[in-house]
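Examining the three-dimensional arrangement
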Amino acid sequence: MRRRLDTGKRLVIASHNAGKVREIAALLAPYRIAVIDATTVGLPEPEETGDSFVANAELKSRAGAGQLAAESDDIVLADDSGLAVTALDGAPGIYSARWAGPERDFGKAMALVQEKLADTADRRACFVSVLSLAWPDGQVQNYEGTVAGYLTWPPRGDRGFGYDPMFVPDGYEITFGEMDPDEKHRISHRAVAFGKMIADCLATNDDDPSDDDRGDDSPGA
Ligand code: IMP
């Protein structure tokens, strides 16, 4: 049975990235969900050994919820995301961060994508985000969002991060790196995944009939 997030409950974000925690806290602020980061509650960062975005997001949320279950009824939210390039069979995919090397050099990671694509005509790609919610009793709910587009070269814009400067979302002529961040946050893979999570777990009316990912139609479940 699908579960909802009760307002008043604490949600632990299984991330040590302060920027990510701030972005998630802002998205949840209207729903009166108290958000706390992994560093504050002492959650370790598990190794991402899964073979998909869902597996890695779930591995992180389950590990966190399992660890906290002994001492609280906190719910844990984890995410995993990356860039999937069609002509590269979905690479860099779950290895998106690792392609930038230990020095987190995304200029290098983008150049590697471009090098592998060489003169391939198919430049389609998408960003993928999976959010995973885990409760202390083992219940897990995952939400996936994607945004489709194509890769351009050379990279353009310095307003984003990661692979943003080479990604042009469908319906636009500018890259995510050139886009107003508010606009990116409205259409991004993370926004889509969040929209699904909010519709499933937080929204008080069922005004989004397009969300057919729900496992249970009853909003009070
Ligand atoms: P993680 O989800 O924190 O493991 O990071 C995944 C990696 O995917 C990031 O380091 C970025 O390289 C890439 N990525 C995920 N989302 C975005 C995005 O919105 N723009 C650019 N790169 C992204």
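Structure report, in brief. (Residues numbered from 1 in each chain as written. Predicted model: local features only at pLDDT ≥ 70, side-chain atom pairs only at ≥ 80, totals over all residues. Heavy atoms only, no water.)

**A few points about the site of the ligand**
Surveying the vicinity of the ligand reveals 15 residues, the closest of which are Lys20, Ser81, Phe106, Asp164 and Lys184. Take Tyr163: an N or O atom from its main chain is 3.3 Å from a nitrogen atom of the ligand. For the ligand, the protein covers 88% of the area, taking 490 Å² as the surface of the free molecule. Where the shell around the ligand is concerned, the elements lending two or more residues are strand E3 (75–85) and helix H6 (189–201). (Near = heavy atom within 4 Å. Polar contact = N/O pair within 3.5 Å; in protein donor to acceptor, adjacent residues only side chain to side chain. Areas by Shrake-Rupley, 256 points an atom, 1.4 Å probe, with all protein chains shown as cover. Helix = DSSP H or I, 4+ residues; strand = E, 2+ residues; numbered from the N terminus.)

**Here's the deal with helix H3 (residues 53–68)**
Relative to the 22 Å expected for 16 residues at 1.5 Å per residue, H3 spans 23 Å between its end C-alpha atoms, a close match to the ideal helical length. Those residues of H3 lying buried are Phe53, Asn56, Ala57, Lys60, Ser61, Gly64, Ala65 and Leu68. What you see down the axis of H3 is that its buried residues fit within an arc of 155°, all on one side. Its buried side turned inward, H3 meets strand E1 (10–13), helix H2 (38–41), E3 and strand E4 (124–134). (Expected span 1.5 Å × (residues − 1). Buried < 20%, exposed > 50% of the residue type's maximum accessible area, 1.4 Å probe, protein only. Arc of directions from axis to C-beta. Contact = heavy atoms within 4.5 Å.)

**Structural notes on the pairing of strand E2 (residues 34–37)**
Looking at chain direction, E1 and E2 are connected through four bridges and run parallel. Residue Val12 lies in a different strand from E2, and its bridge partner there is Ile36. In this view, the connection linking E1 to its parallel neighbour E2 by way of helix H1 (residues 18–28) has right-handed handedness. (Pairing = 2+ DSSP bridges. Right-handed = clockwise from strand over helix to strand, strands pointing away.)

**Details of the nonpolar core**
Across soluble globular proteins, nonpolar side chains show a tendency to be buried alongside one another. Within the largest apolar cluster, 20 residues are counted, with the highest numbers of intra-cluster contacts made by Leu5, Leu11, Leu28, Leu77, Leu133, Phe194 and Met197. Elements represented by at least two residues in this core include exactly E1, H1, E3, E4 and H6. For this core, the element with the most residues is H6, which contributes five residues. Non-local contacts of Met197, meaning those with residues more than four positions away in its chain, are made with Leu28, Leu77, Leu131, Leu133, Tyr143 and Leu202. (Core = buried A, V, L, I, M, F, W, Y, C linked by side-chain atoms within 4.5 Å.)

**Overview of unusual backbone geometry**
Pro92 follows Ala91 through a cis peptide bond whose omega is -5°. The residue Pro92 is located in the loop between E3 and helix H4 (106–117) in this model. Positive phi values are uncommon outside glycine, yet Asp89 reaches one of about 55°. The topology assignment puts Asp89 in the loop between E3 and H4. Located in the positive-phi region is Ala118, a residue other than glycine, with phi close to 45°. Examined against the element boundaries, Ala118 turns out to sit in the loop between H4 and E4.

**Regarding the packing of H1 against H6**
Interaxial distance between H1 and H6 falls to 12 Å at its minimum, and their mutual angle equals 40°. Taken together, the axes of H1 and H6 lie oblique to each other. Handedness of the crossing formed by H1 with H6: right-handed. For the pair H1 and H6, the contacting residues are Glu23, Ile24, Leu27 and Leu28 in the first and Arg190, Phe194, Met197 and Ile198 in the second. Among the residues forming the contact of H1 with H6, the class breakdown is six nonpolar, no polar and two charged. (Axes fitted to C-alpha atoms, helices over the stretch in contact; angles between N-to-C directions. Parallel < 35°, antiparallel > 145°, perpendicular 65-115°, else oblique. Left-handed = near helix turned anticlockwise from the far one by under 90°. Nonpolar A, V, L, I, M, F, W, Y, C, P; charged D, E, K, R; others polar.)

**Details of the pattern of salt bridges**
Applying the stated rule across the entire model yields twelve salt bridges. For Glu178, the salt bridge goes to Arg156, with nearest N and O atoms at 3.2 Å. Pair noted here: Glu178 is in the loop between strand E6 (167–169) and helix H5 (181–187) and Arg156 is in the loop between strand E5 (140–151) and E6, with a separation of 22 residues, a long-range link. We classify Arg156 as partly exposed; its relative accessible area is 28%. Shared partners join several salt bridges into a network, and the residues in it are Glu48, Lys60 and Asp80. (Salt bridge = Lys/Arg side-chain N within 4 Å of Asp/Glu carboxyl O.)

**Observations concerning the packing of aromatic side chains**
Taken as a whole, this structure holds four aromatic pairs when the rule is applied. Note on Phe106 and Tyr163: the rings are 5.5 Å apart at their centroids and 75° apart in plane angle, and the pair reads as edge-to-face. Here Phe106 is found in helix H4, whereas its partner Tyr163 is found in the loop between E5 and E6, with 57 residues between them in sequence. Where Phe167 meets Phe176, the ring centres are 5.2 Å apart and the plane angle is 50°; that geometry is what we call tilted. Summarising the burial analysis for this pair, Phe167 and Phe176 share the class buried. An aromatic cluster is present here, built from Phe127, Phe167 and Phe176 joined pairwise through their rings. (Phe/Tyr/Trp six-rings, centres within 6.5 Å; stacked < 30°, edge-to-face > 60°.)

That's the geometry; what it means functionally is another story.
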